[in-house]
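# Reading the structure
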Amino acid sequence: MKPTSIPILDPNDVLASRAVPRHDLHLHTDFTDGQPTLAEYVDKAIEIGIEHIGFPEHCNLSTTWLSRFAPAVDTERRRAAGRVMIHWGVEAKGMDTRGTLAANPEMIEAAEYVLGAFHSSQTSIKFPHLQRDEAIEMEYLVIRGMLTARACHAIAHPGGLSTKFHGGFDGSLFDQLARHASDNGVALELNPGYGGDIGKQLATCIKYGTRVVLGSNAHEISDLGRVIRTL
């Protein structure tokens with residue numbers, strides 16, 4: 001995994017002052033499953049004073065948006081120069097417990113940062129229909145695999161799908177993930193998009209010195225900056 005230029009934070013710095021870092025590194029545009037355009041996000045970020053925004057668009061093994069997306073980001077960088085820092089990457093799902101990502105190597109190589117995510121069941125039973133304990137363990141093992149393989153720069157919304165569909169993610173398992181992430185030099189995303197308790201997650205990351213990134217999993221313009229407001 002090549003180095004990344006996105007701001008990856010010491011967890012102690014997130015609440016070290018009265019001003020939460022003005023970052024939102026998890027925005028989705030109309031290039032994939034979001035509604036806003038790149039320009040709409042950029043204009044809104046400037047309006048509300050966000051300093052770093054990031055677009056880790058969804059990818060899979062047959063993704064075709066790269067050739068159109070990277071030039072579009074460059075256009076927005078020129079337009080917004082000096083007013084907001086713009087980053088782009090990929091959000092790729094973990095395909096197994098070994099850390100395999102659903103992304104072609106050229107996507108991983110081109111991306112400025114890679115978010116690994118748990119997005120779907122590893123069995124023929126859809127994730128919302130799994131038994132709660134099985135679902136939580138599945139999410140834990142897939143994320144742990146990505147951490148062990150150091151397959152990404154950060155894990156997107158850790159425990160998020162279990163929280164959304166099964167009422168929560170076991171705190172002791174998040175504790176283990178935070179410790180494992182710290183040991184392997186991978187960040188965890190603080191992301192309120194699926195209703196997780198990011199204050200508690202931040203405290204756990206402080207406990208283990210696990211570095212963090214801030215993201216909102218935004219699909220609408222009103223979601224921009226949600227992680228800042230929540231913190």
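Let me begin by describing the structure that accompanies this report. (Residues numbered from 1 in each chain as written. Predicted model: local features only at pLDDT ≥ 70, side-chain atom pairs only at ≥ 80, totals over all residues. Heavy atoms only, no water.)

### Overview of the overall build of the protein chain
Along the protein chain, the regular secondary structure elements total 9 helices and 7 strands. Relative to a compact globule of 231 residues, whose C-alpha radius of gyration would be 17 Å, the protein chain shows 17 Å and is just as compact. Projected onto its principal axes, the C-alpha positions of the protein chain cover 50 × 45 × 30 Å. Counting only residues that meet the buried cut, the protein chain has 52% of its 231 residues in that class. Intrachain contacts of the protein chain at a sequence separation of at least 6 include 75% that bridge at least 24 residues. Carbon and sulfur atoms make up 49% of the accessible area of the protein chain, which amounts to about 10200 Å² in all. One finds the centroid of the 22 positive side-chain charges in the protein chain at a distance of 2 Å from the centroid of its 28 negative side-chain charges. (Helix = DSSP H or I, 4+ residues; strand = E, 2+ residues; numbered from the N terminus. Rg over C-alpha atoms; globule rule 2.2 N^0.38 Å. Buried < 20%, exposed > 50% of the residue type's maximum accessible area, 1.4 Å probe, protein only. Contact = heavy atoms within 4.5 Å. Areas by Shrake-Rupley, 256 points an atom, 1.4 Å probe, with all protein chains shown as cover. Lys, Arg positive; Asp, Glu negative; His and termini not counted. Charge placed at Lys NZ, Arg CZ, Asp CG, Glu CD.)

### What to know about empty space enclosed by the protein
Tallied over the full model, the rule gives 1 cavity of 30 Å³ or more. In this structure, the largest cavity encloses a volume near 40 Å³. In terms of lining residues, the largest cavity is bounded by H157, P158, G160, E189, N191, Y194, G195, G196 and Q201. For the lining of the largest cavity, the residue count by class is 2 nonpolar, 6 polar and 1 charged. (1 Å grid on protein atoms, 1.4 Å probe; cavity = no way out; pocket = protein on both sides within 12 Å on 5 of 7 lines; lining within 4 Å. Points joined across faces, edges and corners; volume = space filled by probe spheres on them. Nonpolar A, V, L, I, M, F, W, Y, C, P; charged D, E, K, R; others polar.)

### Let's talk about the nonpolar core
Core analysis: the largest hydrophobic core is formed by 59 residues, its most contacted members being I53, F55, I86 and I155. It is helix α5 (residues 132–149) that contributes the most residues to this core, 8 residues altogether. Sequence-distant contacts of I53, defined by excluding residues within four places in its chain, comprise D24, L25, L27, V42, A45, V84, M85, I86, H87 and L224. Counting residues in each nonpolar core, the second largest holds 9 residues, with I6, L25, A154 and A187 among its members. (Core = buried A, V, L, I, M, F, W, Y, C linked by side-chain atoms within 4.5 Å.)

### What about the packing of helix α2 (residues 38–48) against helix α3 (residues 66–79)?
Packing of α2 against α3 leaves a shortest axis separation of 10 Å and a crossing angle of 30°. By the criterion of interaxial angle, the relationship of α2 to α3 is roughly parallel. Remark: the crossing between α2 and α3 carries right-handed chirality. Only F69, A72, V73, E76 and R79 of α3 make contact with α2, whose side of the interface consists of L38, A39, V42 and D43. A breakdown of the residues in the contact of α2 with α3 according to their chemical character gives 6 nonpolar, no polar and 3 charged. (Axes fitted to C-alpha atoms, helices over the stretch in contact; angles between N-to-C directions. Parallel < 35°, antiparallel > 145°, perpendicular 65-115°, else oblique. Left-handed = near helix turned anticlockwise from the far one by under 90°.)

### Regarding the layout of surface pockets
By volume, the largest pocket amounts to about 230 Å³. Contributing to the lining of the largest pocket are 14 residues, with F169, G171, F174, K200 and Q201 lying nearest its centre. Those elements that place two or more of their residues in the lining of the largest pocket are α6 (160–166), α7 (171–184) and α8 (198–208). Here the lining of the largest pocket is composed, by residue class, of 3 nonpolar, 8 polar and 3 charged.

### Overview of the pattern of salt bridges
Overall, the coordinates contain 7 salt bridges when judged by the stated rule. For R79, the salt bridge identified is with E76, shortest N-O distance 2.6 Å. One end of the pair, R79, and the other, E76, are both in helix α3, 3 residues apart, so they sit about a helical turn from each other. Residue class for E76 comes out buried when judged on its relative accessible area of 9%. If you follow the salt bridges from partner to partner, you end up with D43, E76 and R79 in one network. (Salt bridge = Lys/Arg side-chain N within 4 Å of Asp/Glu carboxyl O.)

### Comments concerning the sheet that holds strand β6 (residues 187–190)
Spatial ordering of the open sheet is given by β1-β2-β3-β4-β5-β6-β7, a layout of 7 strands whose pairing is parallel. One side of each edge strand has no neighbouring strand; the edge strands of this open sheet are β1 (23–24) and β7 (212–214). Relative to the sheet, α3 contacts β2 (52–58) and β3 (85–93), its axis offset from that of β3 by approximately 155°. (Pairing = 2+ DSSP bridges.)

### Regarding α8
All buried positions along α8 are accounted for by I198, Q201, L202, T204 and C205. Axial view of α8: buried residues confined to an arc of 160°, hence all on one face. Exposed side of α8, more than 90 degrees from the buried face: K200 and K207 are the residues found there. The elements touched by buried residues of α8 are α1 (11–14), α7, β6, β7 and α9 (226–230). (Arc of directions from axis to C-beta.)

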